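# Coordinate analysis (summary)
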Amino acid sequence: QVQLVESGGGLVQAGGSLRLSCAASGRTFSVYDWFRQAPGKEREFVAAITWNEGSTFYADSVQGRFTISRDNAKNTVYLQMNSLKPEDTAVYYCAATSRFITVVASRMDYWGKGTLVTVSS
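Residues numbered from 1 in each chain as written. Predicted model: local features only at pLDDT ≥ 70, side-chain atom pairs only at ≥ 80, totals over all residues. Heavy atoms only, no water.

Here we come to the side chain of aspartate 33. Its location among the elements puts aspartate 33 in strand β4 (residues 31-37). Despite its burial, aspartate 33 pairs with no opposite charge; the closest candidate is arginine 107, at 9.7 Å N-O. Among residues more than four places away in sequence, those in contact with aspartate 33 are Phe45, Ala47, Ala48, Tyr93, Cys94, Ala95, Thr102, Val103 and Met108. (Helix = DSSP H or I, 4+ residues; strand = E, 2+ residues; numbered from the N terminus. Buried < 20%, exposed > 50% of the residue type's maximum accessible area, 1.4 Å probe, protein only. Lys, Arg positive; Asp, Glu negative; His and termini not counted. Salt bridge = Lys/Arg side-chain N within 4 Å of Asp/Glu carboxyl O. Contact = heavy atoms within 4.5 Å.)

Take a look at the structure:
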């Protein structure tokens, strides 16, 4: 059974850092993404990584502040978030697909339940 379990969310002051983890079990996928959803807003793409090559892609809003990475041995994907802003406040979701790298939520095959990140001003 495929499971994606996020952890690492919490409350942080603006300018601070957090590292999110996504532990995958059941199988390995070719692409892992992080999405986020703020209250009253649509889910939006944050970052993506290919499992084999480690190629990465970022939303403009987080480019230079967030870093996505993976640990093949631990079957875990990370999202290092630095210089956090209040507008980064959201529930962050890990998602996976066996298809090509994508920023489209509807193309992801599996989702975690999310972890809440709150950035105070």
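Scanning all chains against the criterion turns up four salt bridges. Notably, a salt bridge pairs arginine 36 with aspartate 88, separated by 2.9 Å at the nearest N-O pair. Residue arginine 36 is located in strand β4, and its partner aspartate 88 is located in the loop between β8 (76-81) and β9 (90-97); the two are separated by 52 residues in the primary sequence. Residues arginine 36 and aspartate 88 agree in their burial class; the two are buried. Taken together, the salt bridges that share partners define one network made up of Arg36, Glu44, Arg65 and Asp88.

Time to look at the state of the cysteines. For the structure shown, the criterion picks out one disulfide. Each disulfide pairs two cysteine sulfurs, and for cysteine 22 the partner residue is cysteine 94, the sulfurs being separated by 2.0 Å. Classification of the bridge connecting cysteine 22 and cysteine 94 rests on its S-S torsion, roughly -75 degrees, and on that basis the disulfide is left-handed. With cysteine 22 in strand β3 (residues 18-25) and cysteine 94 in strand β9, this pair connects stretches of sequence that are 72 residues apart. We note that cysteine 22, like cysteine 94, is buried. (Disulfide = S-S within 2.5 Å.)

A few words now on the environment of glycine 15. Structurally, glycine 15 is set in the loop between β2 (10-13) and β3. The sequence separation of glycine 15 and leucine 84 amounts to 69 residues, and the corresponding C-alpha distance is 4.9 Å. Look past the residues within four positions of glycine 15 in its chain and what remains in contact with it is Ser83 and Leu84.

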